[in-house]
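Take a look at the letters that make up each chain.
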Amino acid sequence: MDALRRLVLAVALVGLLAQVLVGVLLHDVGPIASALTGPDHLGGLPPHVLLLGLLLLTVAGDLISVPVRRGEQTEELTLYEATVVVAVLLLPARDALWVPVAALALTSLVQRRDPVKSVFNIGNQAAATACLVGVVHLVSGPGEDLSWHTVVALVVGLLAFSATVLVGLTRVLALVGEDDATHVLRDGSRLALVTAVATVAMAGGGVLAAMHAPALLPFSLVPAVALLFAFRATAQAAEQRQRSSRLLALSHVLAGRVDPDEMLPAFLSQCRQAFGAEVAQALLDPAAPGGAAMTAVDDQHAGGERRASTVEELAVLRVAGVDARALSAPLPHGWTSALVAPLEADGLPLGVLVLATRDRHHPLGAADLVLHSPLATALAVALRSAAHLRRLTEATSKLQAVVDQSSDGILVLDGTGTVQLWSPALGALTGRHETEAVGRALPSLVTVQGADDGALDAFQAGASLLTPASPQATVELTLRRDDGEQRVVRCAHAGVFVDGALDRDVVIVHDVTRERQVERLKADFIATVSHELRTPVTPIKGYADLLRRKGDALGPEKRSEYLAIISDRCDHLARLVEDLLLASRISATEGHTPAQVSMGSDDLVGLVRRAGGDFGDEGGRLALVLPAHPVPVACDPVRAVQVLTNLVGNALKYSPPGSPVEVRLGVEHGRAHVDVVDGGRGIPADQLERVFEKFHRVEDSMRMTTGGTGLGLYIARQLSTAMGGTLRCTSTLGVGSTFRFTLPLATVPPAASPGPPGRPAPALTAMAPLPRSSATPPRSEHAAASQPL
């Protein structure tokens, strides 16, 4: 705005300087058609009357106008140039300079034009008039009347006049960014050439009529009227072409924008320009579904914005009604006329579309309503569609998030079994990506294993259970992946039927492999525990019955042997029950608190030897690699021995008879570790972590060759974790397994740990086999109910 004001002041200053310069140069020069000002013509009018008459004629010529729009600006085609030519012919040069400028100033006051625009027009026209007067008096001279020199001078002067006006106009248009200067100059120059000749003819004809036949002077206005109508028709055609291009742009806006926040500003801008309005508003009705009192505005001067509706705008909304209409009141401050049309779609009012102008000379009228109302309807439909699309997009996004994040597989099939939707979870379950699955038949993607190990049709397995009366069904299948892995899945089918035929089948696929494995493990565990409990109970009951029936007849040695066996089996039973109770306590707090241990410190070398001494004759297979000095560790000594006993017992149990089991103790990185290495059958790679789960056994439950509850390694890992240690396994099939038990080193050396009860602690030597115990050895399975390898 500051740049525009500076330009206006510069144009006004240039016009003033041009007037002064030409006025000084032509101060004493008389009129061109001096013969007309004599007593024989125009009734011998006094000079002041002639001045006043030409001033009023020029005002009238400026008031009779045809508006021509150029982008955001409006240019007016008037008879002003014709009256200026008459003034140049009839008045002295100094008077011909100021009379047109004074007439333009009077016209601006009468029409209450914008002050900035008025100053620009007066300055621009003052410079142009100075050019016209200067050129005419330079080429022609006083008293030449309408000679060839005068006609040529008038044409050249009018071209200079038009060029000066166009240069000023293009500077303004370029400054406000509305039109290209070259485009305006090209169109304006073409029009100036035509109007210059017509203006000279019209003005010259009037002057000649005044000179020779004053009675014909009124008829000289006929060409002027015809020219005015031609200008008006041309301007209307140009405006219609411009409006058509704007309407085409509006259709592109409505078709190409789906976001209301982007659609409304673009639509309002194009709509305002199409109608030549200065303000376009979309007042959104707060009573509409999901509506709020919001107004989107596009103002020619203030720009675009989206804000809360004002009290005046809400008043316009209330008086708009249901029909399109032109309003003159009540209107917001500064508006002179407005068009309002309801925004209504599907019978629901959304608000109103408002176009307004501040120019009282170019109001918006009823003729504009013919086009304004359909545009409002189109905008309402577009807004409604955009709102539907937004809700649909949000719903689709939510559904897609459910599909993408669901842990269960989601599958949608058409009536022929062709995949329409394949969720990521289903891809992970089956090993097939969505891009590979969509559009293909389900049986070609997954293989379903039947009861006889044959293949089933994955689609028909569920679809055959669906009927229009019972469109939901659940079926459990076993899938066989391409990598050979089998998965047990529960498929919940929900069919959609059209005319009695299956049109769509929505399937929720839940992986129940883990549940089925747990159920099988529980069943195996119950059978195993029953067997393990029966093992000690049977000899207890047998020897107890024998002592009850024949105890008095038995010798003391026999009775002592039978009682020792009963006592040993009772210890076995007690340890088995203790393992079950400990596993139950650990499971109850798993994931929240570690297993309860009594932390202290002890010598890990002594603990290893104590654990190895519990295996009697089997202990001869142990090869210990131990340091010669104590290794103090932070632990619960009783639980540490339990963990070590379980590891050694497992290694002895699952190694070939007579094969050695190596136990190595080392220290590194502030931690001590015990490696128990066996030469057994090994553990598959996918089972290395699962051996530490409850009830898990690597062996087939139908062909188990070793006993155990499947709780030993689970308890051992939980106890090692509770003591701040770790328990891990590495294995090679056919070679053997290594279990590493680590504990943190103690800060204070513990007292030397005693050896096994009943004998002194042996020397710690590398690869030293443990001495055999003469006592009856406990079986490894009751030591900690070990996991099978």
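(A) Layout of the overall build of the protein. Looking only at helices and strands, the protein features 20 helices and 22 strands. Per-residue burial over the protein gives 46% buried out of 789 residues. Per element, the accessible surface of the protein, about 38,400 Å² overall, is 61% carbon and sulfur.

(B) Quick peek at a nonpolar patch on the surface. On the surface, L13, L16, L17, V20 and V24 cluster together to form a nonpolar patch covering roughly 490 Å² of accessible area. Looking at the secondary structure, you find L16 in helix α1 (residues 2–25).

(C) Spotlight on the confidence of the model for the protein. Summarising the model, the protein shows a mean pLDDT of 77, and 76% of its residues fall at 70 or more. Across residues 700–705 the pLDDT falls below 50, and counting only partners more than four positions away or on other chains, this stretch makes 7 contacts in the model. Counting interchain partners and residues more than four positions distant, the pLDDT-below-50 stretch residues 751–789 has 107 contacts.

(D) Structural detail: the packing of helix α2 (residues 47–63) against helix α3 (residues 80–90). Orientation of α2 relative to α3, taken along the N-to-C sense of each, is 165°, at an axis distance of 7 Å. On the basis of their axis angle, the class for α2 and α3 is roughly antiparallel. α2 and α3 meet at a crossing whose hand is left-handed. In contact with L50, L54, L57, T58, G61 and D62 of α2, α3 contributes Y80, T83, V86, A87 and L90.

(E) Region of the structure containing the nonpolar core. If you look at the biggest cluster of nonpolar residues, it comprises 46 residues, and the most contacted ones within it are L604, V608, L644, L647, L665, V674 and F741. It is helix α18 (residues 637–653) that contributes the most residues to this core, 8 residues altogether. Once residues lying within four places of it in the same chain are set aside, the contact partners of L604 are V631, V633, L644, L665, A672, V674 and L743. I32, V59, V99 and F161 belong to the second-largest nonpolar core, a separate cluster that totals 40 residues.

(F) View of unusual backbone geometry. Of note in the backbone geometry, D499 takes a positive phi value of approximately 55° without being a glycine. Residue position: D499 is located in the loop between β14 (486–498) and β15 (501–511).

(G) Inspection of helix α11 (residues 366–405) at higher detail. For α11, with 40 residues, the first-to-last C-alpha span of 58 Å sits near the 58 Å given by 1.5 Å per residue. The largest bend in α11 comes to about 30°, at H372, with the proline P374 one to four residues further on.

(H) Looking closely at the packing of aromatic side chains. For the structure shown, the criterion picks out 2 aromatic pairs. Centroid distance Y543 to Y562: 4.9 Å. Interplanar angle 35°. Geometry classified as tilted. Separated by 19 residues along the polypeptide, Y543 in helix α15 (residues 513–550) and Y562 in helix α16 (residues 556–589) bring together distant segments of the chain. Look at Y543 and you get partly exposed, because its relative accessible area is 25%. What makes Y562 buried here is its relative accessible area of 12%. Relative to F739, the ring of F692 has its centre 6.2 Å away and its plane inclined at 75°; by these criteria the two rings are edge-to-face.

(I) Layout of the sheet that holds strand β6 (residues 325–327). If you walk across this open sheet you meet the 6 strands as β5-β4-β3-β8-β7-β6, and the pairing is antiparallel. Edge positions in the open sheet fall to β5 (303–308) and β6, since each of these has one partner strand only. Along the sheet, successive strands turn relative to each other by an average axial angle of 20°, direction set aside. Examined bridge by bridge, β6 and strand β7 (residues 337–345) share 3 bridges and lie antiparallel to one another. Bridged to R325 within β7 is V340. With respect to the sheet, helix α9 (residues 260–275) is in contact with β3 (279–284), β4 (294–299), β5 and β8 (348–357), its orientation differing from that of β4 by roughly 45°.

(J) Summary view of the pattern of salt bridges. According to the stated counting rule, one finds 18 salt bridges in the structure shown. For D511, the salt bridge goes to R487, with nearest N and O atoms at 3.2 Å. Placement of the pair is D511 in strand β15 and R487 in strand β14, with a sequence separation of 24 residues. Residue R487 is classed as buried on the basis of its relative accessible area of 18%. E693 is the salt-bridge partner of R690, the closest N and O atoms lying 3.8 Å from each other. Overall, R690 belongs to the buried group, its relative accessible area being 19%. Connected through salt bridges with shared partners, the residues R481, D483, E485, R487 and D511 form a single ionic network.

(K) Quick look at the pairing of strand β10 (residues 419–422). Pairing of strand β9 (residues 409–414) with β10, which is carried by 3 bridges, proceeds in the antiparallel orientation. Within β10, the residue paired with L411 across the bridge is W422. Between the antiparallel neighbours β9 and β10 lie 4 residues, among them G417 with a positive phi of about 90°.

(L) The sheet that holds strand β21 (residues 726–732), seen in detail. The strand order across the open sheet built from 5 strands is β17-β19-β20-β22-β21, with neighbouring strands paired in mixed fashion. Each end of this open sheet is capped by a strand with a single partner; those strands are β17 (622–625) and β21. Strand-to-strand twist in this sheet, taken as the mean axis angle between neighbours without regard to direction, amounts to 15°. Where strand β19 (residues 661–668) lies against strand β20 (residues 671–677), 7 bridges are found, and the strand directions are antiparallel. Across the sheet, the residue bridging to V663 is V676, located in β20.

(M) Local environment of the side chain of Q125. If you trace the backbone, Q125 turns up in helix α5 (residues 115–139). You can call Q125 buried: its relative accessible area is 15%.

Analysis parameters
- All residue numbers refer to position in the chain's written sequence, counted from 1.
- Since the coordinates come from a predicted model, pLDDT governs what is reported: local features require at least 70, and pairs of side-chain atoms require 80 or more to be given and counted, while whole-chain, interface and lining totals use all residues.
- Only heavy atoms go into the side-chain values, all of them from the structure, while hydrogens and water stay out.
- Helix and strand labels come from DSSP, where a helix needs a run of H or I of at least four residues and a strand needs a run of E of at least two; each type is numbered from the N terminus.
- The cut-offs for exposure are 20% and 50% of the maximum accessible area for each residue type, with area from a 1.4 Å probe on protein chains only; residues under the lower value are buried, those over the upper are exposed, and the others partly exposed.
- Per-residue and other accessible areas follow the Shrake-Rupley method at a 1.4 Å probe size, with only the shown protein chains counted as cover for residues.
- The patch calculation keeps residues exceeding 30% relative accessible area without a salt bridge and links them within 9 Å when they carry like charges or within 5 Å when they are nonpolar (Val, Leu, Ile, Met, Phe, Trp, Tyr).
- Within this document, salt bridges are pairs made up of a side-chain nitrogen of Lys or Arg and a carboxyl oxygen of Asp or Glu, the two lying within 4 Å of each other.
- For every residue, the predictor states its confidence as a pLDDT score lying anywhere from 0 to 100.
- Contacts are assigned to residue pairs with any non-hydrogen atoms lying within 4.5 Å of each other.
- Angles here are taken between N-to-C directions and fall from 0 to 180 degrees, while the axes themselves are lines fitted to C-alpha atoms, restricted in helices to the stretch in contact.
- Any angle from 65 to 115 degrees is called roughly perpendicular, while one under 35 is roughly parallel, one over 145 is roughly antiparallel, and all others are oblique.
- Crossing handedness follows the turn of the near helix against the far one: under a right angle anticlockwise gives a left-handed crossing, and clockwise gives a right-handed one.
- Here, nonpolar core refers to any group of buried Ala, Val, Leu, Ile, Met, Phe, Trp, Tyr and Cys residues whose side-chain atoms link them within 4.5 Å.
- Helix span is expected to be 1.5 Å times the residue number reduced by one.
- We define the bend at any residue as the angle between the axes fitted to the seven residues before and including it, ending there, and the seven starting there.
- Here a Phe, Tyr or Trp ring, Trp counted by its six-membered ring, pairs with any other such ring whose centre lies within 6.5 Å, and the pair is stacked when the planes are under 30 degrees apart, edge-to-face when over 60, and tilted otherwise.
- A pair of strands is considered paired only if DSSP assigns at least 2 bridges between the two.

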